[in-house]
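An overview of the molecular structure
Spelled out, the chains give:
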Amino acid sequence: MLFVSYEFIAFLCLVVIGYYTFFKRFQWQFLLFVSFLFYYLSGKEYLIYISGVTIAVYLTAIRISKLHDGLKEKKTTLDKQGFKNEKKRVGKVQKRWFCLGIFIALVLLGIPKYTNFIIRNMNFIWSGILGKKAFNFVDLLLPLGISFYTFKSLGYLIDVFRGKYPAEKNLAKFALFVSFFPQLIQGPISRFDAISESLFEKHEFSEKKFIRGLYRLLWGYFKKVVIADRIMTAVVTIIAEPEKYNGGFAFLGIVFYTIQIYADFTGGIDITIAIAEMLGIKTEENFIRPYFSKSIKEYWNRWHITMGNWFTEYVFYPLSVSNAMLFISKSARKHLGKNIGKRVPVYISTLTVWFLTGFWHGAGWNFIVWGLLNGLFMLISEELKGFYELFHRFVPIKKCRLRIYDALCVMRTLFFVSSVRMLDCYGDVGLTFKTYFSIFTVNNWHLIGKEELGLDAVQFAVVGVGVIILFAVSLLNRGGDLRDKILAKKALLWYTGLGALFIVILVFGAYGMGFDSSQFIYNQF
């Protein structure tokens, strides 16, 4: 069941009505039921994966937490040395349960997502040795949102293992945390301690809060069906024929896909957060105006924030201070000097994180190369900070009243992240680089205005106006959420604004022949 479907709209209406009326006394239990119903209706064969991850992580976390509680009780009965020995023993047992939970969750993620990738690479190696393929591909469909709920579960298990909070003893409550239906498709990747309180507590209906959420819901649909699904037609047309649509068309493809993925992904997150808000549940923000970023690092602090935080806390920090990294750092200082030696662990940890980030996004070398390029250029940018500071001492461009330098930094950053994202579009690494460099070598820019690319002038005008509205709203939100300014006015204005936004979506949404109100791009992850 897609968010962009009449079935989902009907489903959501029934959920909201039931939540605040018939099941008011059992709200979180009702949400658990509808979350699994949503997943069942989206693909009943996938229930085994989400159920397997939920049960495996729940049981191992409970065992880890019980061992921790048992150790606390023994602290008063054992002497110092005895407690030290017991703590060491318990730590080893906890680690075994922890590793078991991680292993099961990753296997359940890896089987549907990475099996054919492994087979493809094994066949490539095998054919180079024996001249023939050794393994057949497996017919496996990727369960909806498996990467998101797996990472939510792993983050919870790691937190319990670290002793950040005790394991949730109620299996049903933990199952709701994993399966909460708005977040199943594309996040945010919530943490248990951040969402559990509002997820399980009782909520009274508030007209103002409901309208606030409804505004964001419609805003998400505006982004998705008015902009993303419409411009997708042109993106698909360009990507489908790279030999024909290279050069200037490839650059146009970068621009169009930059618009599409922003409107698509942020639109989906708006819908997710809006549904939670309408139900009284607080979730984390996942985007904070990323296209206003002046550096790659800043961009990734604003784009898909919960994913970045997950990798930072659960991969980068533990890896960078691990015994292996301390050994590498010590060796690097000895042979390469103190300045370089102390940076080596950061280099390795950063590139490891970005390798895994790419691999998380998709089972293909294009995603891995995409991740590594982001990590590499982020490191280069950080290393050049000293040069930038020296440059600005002699060239005071930052002091320009028109903020020209800031604008140039924003355009540079946006061009880089958008260029690298071509690897997502074309899939094949070689084809991507070939098409990208054709921008600078093929002179066909004069043909751009002669190709419709699946859209006529009116459709392009709708996209253009939509993008201008997006930009304007982003600027207005810098001074505080625009919804709060609207809700500070009289109720008549609330409903007038909602009605106007609904009509715009109804009239200008991409429906009918030539358009595909498709699933969100991040559904595939």
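Figured I'd write up the structure that's included with this text. (Residues numbered from 1 in each chain as written. Predicted model: local features only at pLDDT ≥ 70, side-chain atom pairs only at ≥ 80, totals over all residues. Heavy atoms only, no water.)

We now examine empty space enclosed by the protein. The tally for this structure, following the rule as stated, stands at four cavities of 30 Å³ or more. Quantified by volume, the second largest cavity comes out at close to 60 Å³. In terms of lining residues, the second largest cavity is bounded by V235, I238, I239, A250, G253, I254, Y257, M422, C425 and Y426. Secondary structure elements with two or more residues in the lining of the second largest cavity: α9 (207-240), α10 (248-278) and α19 (422-426). The element that contributes the greatest number of residues to the lining of the second largest cavity is α10, accounting for four residues. (1 Å grid on protein atoms, 1.4 Å probe; cavity = no way out; pocket = protein on both sides within 12 Å on 5 of 7 lines; lining within 4 Å. Points joined across faces, edges and corners; volume = space filled by probe spheres on them. Helix = DSSP H or I, 4+ residues; strand = E, 2+ residues; numbered from the N terminus.)

Attention now goes to unusual backbone geometry. The step from G187 to P188 runs through a cis peptide bond, and the omega angle for that step is 0°. Relative to the assigned elements, P188 resides in the loop between α7 (181-184) and α8 (192-200). Phi at R289 takes a positive value of approximately 45°, unusual for a residue other than glycine. Summarising the element assignment, R289 is placed in the loop between α10 and α11 (296-302). Residue classification places R289 among the partly exposed positions, given a relative accessible area of 24%. (Buried < 20%, exposed > 50% of the residue type's maximum accessible area, 1.4 Å probe, protein only.)

The next thing to look at is the pattern of salt bridges. Close approach of charged atoms allows side chains with opposite charge to pair. Applying the stated rule across the entire model yields 21 salt bridges. Between D270 and K223 there is a salt bridge, and its shortest N-O distance comes to 2.7 Å. Highlighted residues: D270 in helix α10 and K223 in helix α9, separated in sequence by 47 residues. Just as D270 is buried, K223 falls in that class too. Between E298 and R302 there is a salt bridge whose closest N-O contact spans 3.0 Å. Of this pair, E298 and R302 are both found in helix α11, four residues apart, which corresponds to roughly one turn of the helix. Through salt bridges that share partners, R212, E277, D481, R483 and D484 make up one connected network. (Salt bridge = Lys/Arg side-chain N within 4 Å of Asp/Glu carboxyl O.)

With 13 residues, helix α20 (residues 429-441) extends 19 Å between its outermost C-alpha atoms, agreeing within 8% with the 18 Å of an ideal straight helix rising 1.5 Å per residue. All of the buried residues along α20 are T432, T435, Y436, S438 and I439. Looking straight down α20, one finds that the buried residues subtend no more than 150° of arc, so they occupy a single side. Turned more than 90 degrees from where α20 packs its buried face, K434, F440 and T441 sit exposed. Tucked into the core, α20 has its buried residues touching α10, α18 (404-420) and α19. If you check the start of α20, you find a side-chain oxygen 3.1 Å away from the backbone N of G430, and it comes from D428. (Expected span 1.5 Å × (residues − 1). Arc of directions from axis to C-beta. Contact = heavy atoms within 4.5 Å. Polar contact = N/O pair within 3.5 Å; in protein donor to acceptor, adjacent residues only side chain to side chain.)

The next point concerns helix α15 (residues 344-361). For α15, with 18 residues, the first-to-last C-alpha span of 26 Å sits near the 26 Å given by 1.5 Å per residue. Along α15, the residues that are buried comprise V344, P345, S349, T350, V353, W354, T357, G358, W360 and H361.

Turning next to the packing of aromatic side chains. Where two aromatic rings form a pair, the distance of their centres and the angle of their planes describe that pair. All chains considered together, the criterion is met by 56 aromatic pairs. Relative to F38, the ring of F11 has its centre 6.0 Å away and its plane inclined at 40°; by these criteria the two rings are tilted. Within this pair, whereas F11 is found in helix α1 (residues 6-20), its partner F38 is found in helix α2 (residues 27-43), the two being separated by 27 residues in sequence. In this structure F38 comes out as buried when scored by relative accessible area, which is 0%. Relative to F177, the ring of F174 lies with its centre 6.1 Å away and its plane at 35°, an arrangement referred to as tilted. Within this pair, F174 and its partner F177 are both found in helix α6 (residues 171-179), separated by three residues, close to a single helical turn. Like F174, the residue F177 is buried in the burial classification. Through pairs of rings, three or more aromatic residues link up here, namely Y262, F265, F287, Y291, Y299, W300, W303, W354 and W370. Above the ring of W303, the side-chain terminus of R421 is found at 4.9 Å from the ring centroid. Sitting above the plane of the F292 ring, R478 keeps its charged end 5.3 Å from the centroid. (Phe/Tyr/Trp six-rings, centres within 6.5 Å; stacked < 30°, edge-to-face > 60°. Lys NZ or Arg CZ within 6 Å of the ring centre and 35° of its normal.)

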